[in-house]
Every structure is written in structure tokens, then in C-alpha cells.
Amino acid sequence: MNAPIAQPVARSLKSVEDLHFAGLIASEDAPSLAAIGDHYAVAVTPAMAALIDPTDVNDPIARQFIPDAAELTRLPEERDDPIGDGAHSPVAGIVHRYPDRVLLKAVHVCPVYCRFCFRREMVGPQGLGTLTLSEMDAAFTYIAGHPEIWEVILTGGDPLVLSPRRLRAITERLAAIEHIKIVRFHTRVPVVEPARVDASLIEALKASGKAVYVALHANHPREFTEDARRACARLVDAGIVMVSQSVLLKGVNDDVETLAALMRSFVENRIKPYYLHHPDLAPGTSHLRLSIEEGQALVGALRGRVSGLCQPTYILDIPGGHGKTVVTATTIESQGGGCYTVTDFRGQEHTYPPVAK
Ligand SMILES: *Cc1c(COP(=O)(O)O)cnc(C)c1O
Ligand code: SF4
């Protein structure tokens, strides 16, 4: 693990200028990166700034949060709404793509802005903002009127940036809806701003009285600082089930050792690896994407190398709003006649069923 070298910062860095003053962007790069900062939101919390080694041009934490000139390159296949949220949004803030669950996007603000964000055109200070009271009423009317909705997933943005009071206003309304059994939060807060995870936040998360799940988004094992580990422990000790979400990113976690260490970090913190996302076709993110084949090789190598508890499901969100699909490693190939070639985690091939000796 690299020792943190950046000067400690007291407040979140929220512009290219802030990052430059903190020594996280070189003077010669600042003018060209300003254009990116004008278009896509920038924020790095003190916890994440402290993890960046500014002398390492390939720093995996910097790569996730510090604007890069490559973001100006937009490929034709990239989209403003890469996973097609808009195609399934019956009312503001609700995405209802699958019958039994909805996304409730109450807020479009995050404590950090990821350079690869799939909602980068919607989040940030110039993004879709926070739902108004009447939009919130309409969202709850929609949820209450659809008894097939079993689970509400609070995402955004990052719902844990809301004050405990505002979060509680949401979770208490969910308490009143009988058919909702599960409340899930998608967040980066326990890692990027662990001090927010205090008793009042936890109470607010649990105020629905439903089964509460927190899906933690983290992409590199170095993100699990002592403070982050303590924040996760507070959530799990409070009876909240935690699962993981990571994005497979070129130059961040696209090697087996890093990916294995990341998944082990989740499990060591009592967080069950859930999804490993293939990077979405978000605008200006091609420098962070790898091929599906590279992803398949990586998840194939994880199997066997680390505990079964550490295996995430490799997921591709089909552009246009068609939902998620499981990619998995290709380990079995039909040879016809009921015979198969199976590849093990070392890459060795075997015949199935085995040929009698
Ligand atoms: C990803 C997503 C979900 C959650 O999917 P799970 O497979 O249950 O984790 C729900 N709704 C929408 C619109 C999504 O994009
Ligand atoms: S925390 Fe999630 S929603 Fe926010 S910028 Fe990162 S990927 Fe996007």
C-alpha cells in the first residue's frame, strides 16, 4: 500500500482549481482540465484526497476522481443516459424497469464525483438536483399504488448525503407502505466520507422498520481505510446487511491481484460481494473501459484463486434500458454429442464427462 503523500485537506475539493491548490493537478494541466470541470462535476473528499499519491501518475484513486484530458474524447457509441433510466421513469425520481423493484433517486448529489459515472450527465451541482416536495409526493403515490413493488432502492446521486432528518422523512414514509419489504441504499459514503455514518444516520436508515440493505460502491482495496472499516462495522453491527458494488476499471482494478484484494476487503468487512459492473458507455470514459473478454478473463481467474465468498457477479447493463445481464467467465464449450470442454481457473482445459481410462 502506498503511503499517503498529499497534504491533508480539511474540506472536500470541488473544482479543478481546488485540486490544483491541493497539489493533485499539475499547474500545466489545470487550464485544459478546467473545461472538463465546467461540464462534469468534480468533488474529492478529504478521505479520498489523503489516499492519492500525487507522484504516481497511475494512482488508482486519482484515476477515479481527478479529471483527465481523455474525458474530452467522446466516442459515437457513448450516451448521455447509458443505461436508459429515462426509458423507464414514470414519474420524476422513479425508475421502474423490473417488476418487483424501483429506484428512488431523491438526490443527484454525491460526496465524490467518479470520472466514470454512468449518470454523469445527471449528477452534480448542475444536475437534476433534489426532488421537490411535490415530486416526492408523486413518487410515493406511485410506489404506494403499485403493490407489485417489493423493494425500494434509494440511489441517485448518493442518498447518504441527505441529512438524517431528510432521510428519515423518506424511510418513515416507506414504513407506511405494507407491500414494501426491502429498503436498499446504494452509497459510497462509508468509504469516502466515513464520519457521516453515525448513530443518527443509522437510525434514519432503519426508520422504515423493513429489512435494510446497504450496497457499498468501492473499487480499490486502498479505499478501506481504518475509518472506512469502522463505518462499515457500525452499519453491520446495527443489523444492516451489506453487499458490494464495484466497477471494473482500466488502470484501477483490472488485474487479478487488485480485484482479489478488493473482494477480500469486502468480505473481511462482512460485506458480501454482489456486483462487478462492466463500465457503462458514459460520455468521455473510453480511457477507463476494457473489453468484455478482458473482464471475463479476470472474473475467471478470481474463481479458485480466492474464496467463493469473494466472487462477485459480473454484470453488463444493456444500453437503452433493457436491464442488467450476467456476463460471467466463459468456462464451458459444447463439443457436440453431450461432450464439453471445461476450462479451470488456471486456464487448463478438461473434457466433460471425462474420457474413461
Ligand atoms: C440496477 C437496477 C436495479 C437493481 O437491480 P438488482 O439486480 O436488483 O440489483 C433496479 N432497477 C433499475 C432500474 C436498475 O438499473
Ligand atoms: S457515487 Fe455513483 S452516482 Fe455518484 S458520481 Fe460516483 S458513480 Fe456516479
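Given the structure is predicted, the values throughout are model-derived calculations rather than measurements.

Draft legend 1. Local environment of the sheet that holds strand E12 (residues 349-352). Taking strand neighbours across the sheet as the criterion, the three strands line up as E10-E11-E12 in an open arrangement whose pairing is antiparallel. Either end of the sheet is taken by a strand with one partner, and the two such strands are strand E10 (332-336) and E12. Across the sheet, the mean angle separating the axes of adjacent strands is 25 degrees when strand polarity is ignored. In the sheet, strand E11 (residues 339-343) pairs with E12 via four bridges, with the strands oriented antiparallel. Residue Thr-341 lies in a different strand from E12, and its bridge partner there is Thr-351.

Draft legend 2. Quick look at the side chain of Arg-119. Topologically, Arg-119 is positioned in the loop between strand E2 (101-105) and helix H5 (133-144). Those residues in contact with Arg-119 that sit more than four places away from it in its chain are Ile-83, Asp-85, Leu-103, Lys-105, Thr-155 and Gly-156.

Draft legend 3. Spatial organisation of the site of ligand 1. Taken together, Ile-83, Val-95, Arg-97, Tyr-98, Arg-101, Leu-103, Ile-153, Arg-184, Tyr-274, Tyr-275 and Lys-324 form the complete shell of residues around ligand 1. Here Arg-101 contributes a side-chain N or O atom positioned 2.6 Å from an oxygen atom of ligand 1. Summarising the interface, the protein chains cover 92% of the accessible area of ligand 1, which totals 390 Å² for the free molecule. Contributions of two or more residues to the shell around ligand 1 are made by strand E1 (94-98), E2 and strand E7 (271-277). Per element, the largest residue contribution to the shell around ligand 1 is three residues, and it comes from E1. Residue composition of the shell around ligand 1, by class: seven nonpolar, no polar and four charged.

Draft legend 4. Expanded view of the site of ligand 2. If you check the shell around ligand 2, you find Cys-110, Val-112, Tyr-113, Cys-114, Cys-117, Gly-157, Arg-188 and His-217 and nothing else. For the shell around ligand 2, a count of residues per class yields five nonpolar, two polar and one charged.

Draft legend 5. Region of the structure containing the domain arrangement of the protein. In terms of domain boundaries, the protein breaks down into domain 1 (16-72) and domain 2 (86-325). Its C-alpha centre places domain 1 at a distance of 24 Å from the equivalent point of domain 2. Contact with domain 2 buries surface across domain 1, with Tyr-40, Arg-63 and Gln-64 losing the most and accounting together for 30% of the total. At the boundary of domain 1 and domain 2, one finds three salt bridges. Residues Arg-115 and Glu-71 are paired through a salt bridge, measuring 3.0 Å at the closest nitrogen-oxygen approach. Counting every contact that joins domain 1 to domain 2 gives 15 residue pairs in polar contact (both at pLDDT 80 or more). Per-element tally for the side of domain 1 that touches domain 2: the top contributor is helix H4 (residues 60-65), with five residues.

Draft legend 6. Inspection of the nonpolar core at higher detail. The biggest cluster of nonpolar side chains holds 97 residues, and the ones touching the most others in it are Met-48, Leu-104, Val-152, Ile-170, Phe-185 and Leu-205. Residue contributions to this core reach at least three from each of two domains, namely domain 1 (16-72) and domain 2 (86-325). Excluding anything up to four places from it in sequence, Val-152 contacts Val-102, Leu-104, Ile-143, Leu-174, Ile-180, Ile-182, Val-183 and Arg-184.

Draft legend 7. Summary view of the packing of aromatic side chains. Tallied over the entire structure, the rule returns two aromatic pairs. Taking 5.3 Å as the distance between ring centres and 90 degrees as the angle between the ring planes, the aromatic pair formed by Phe-224 and Phe-266 counts as edge-to-face. Residue Phe-224 is found in the loop between strand E5 (211-217) and helix H9 (226-237), and its partner Phe-266 is found in helix H10 (residues 256-268); the two are separated by 42 residues along the sequence. By the burial criterion, Phe-224 is buried, and Phe-266 matches it. Taking the ring centre of Tyr-40 as reference, the NZ or CZ of Arg-120 above it sits at 3.6 Å.

Draft legend 8. Layout of unusual backbone geometry. Residue Gly-156 is joined to Gly-157 through a cis peptide bond whose omega torsion reads 5 degrees. Its place among the elements puts Gly-157 in the loop between strand E3 (151-155) and helix H6 (164-175). The linkage connecting Tyr-352 with the following residue, Pro-353, adopts the cis geometry, with an omega of -5 degrees. Relative to the helices and strands, Pro-353 is located in the segment after E12.

Calculation notes
Residue positions within a chain follow its written sequence, with the count starting from 1. A letter from A marks each chain and a number from 1 marks each ligand, given out in the order of writing. Only residues with pLDDT of at least 70 are given local features in this predicted model, and only at 80 or more are side-chain atom pairs given and counted; all residues enter the totals for whole chains, interfaces and linings. The basis for the side-chain values is all heavy atoms of the structure; hydrogens and waters are excluded. Only when DSSP finds a minimum of two bridges between them are two strands counted as paired. A run of DSSP states H or I qualifies as a helix once it reaches four residues; a run of E qualifies as a strand once it reaches two. Both are numbered from the N-terminal end. Orientation is described by lines fitted to C-alpha atoms, with helices fitted over the stretch in contact, and by angles between N-to-C directions that extend from 0 to 180 degrees. We call two residues in contact whenever any of their non-hydrogen atoms come within 4.5 Å of each other. We call a residue near a given molecule or strand whenever any one of its heavy atoms falls within 4 Å of it. N or O atoms closer than or at 3.5 Å make up a polar contact, with two conditions inside protein: a donor-capable atom paired with an acceptor-capable one, and, for residues adjacent in sequence, both atoms drawn from side chains. We get accessible surface area from the Shrake-Rupley algorithm with a probe of 1.4 Å; when it comes to residues, only the shown protein chains can shield them. Under this grouping Gly is polar, as are all residues other than the nonpolar Ala, Val, Leu, Ile, Met, Phe, Trp, Tyr, Cys and Pro and the charged Asp, Glu, Lys and Arg. Boundary definitions for the domains trace back to an automatic or database domain assignment. By buried area we mean how much accessible surface two parts lose on assembly, using a 1.4 Å probe and totalling the loss over both. A side-chain nitrogen of Lys or Arg and a carboxyl oxygen of Asp or Glu constitute a salt bridge if their distance falls within 4 Å. Side-chain atoms within 4.5 Å are what join buried Ala, Val, Leu, Ile, Met, Phe, Trp, Tyr and Cys residues into a set we call a nonpolar core. Note on classification: 1.4 Å probe, protein chains only; a residue is buried when its accessible area is under 20% of the maximum for its type, exposed when over 50%, partly exposed between these limits. Within 6.5 Å between ring centres, the rings of Phe, Tyr and Trp (the latter by its six-membered ring) count as paired, and their orientation is classed by plane angle as stacked under 30 degrees, edge-to-face over 60, tilted in between. For a ring to carry a charge above it, either NZ of a lysine or CZ of an arginine must fall within 6 Å of the ring centroid while also lying within 35 degrees of the normal to the ring plane.

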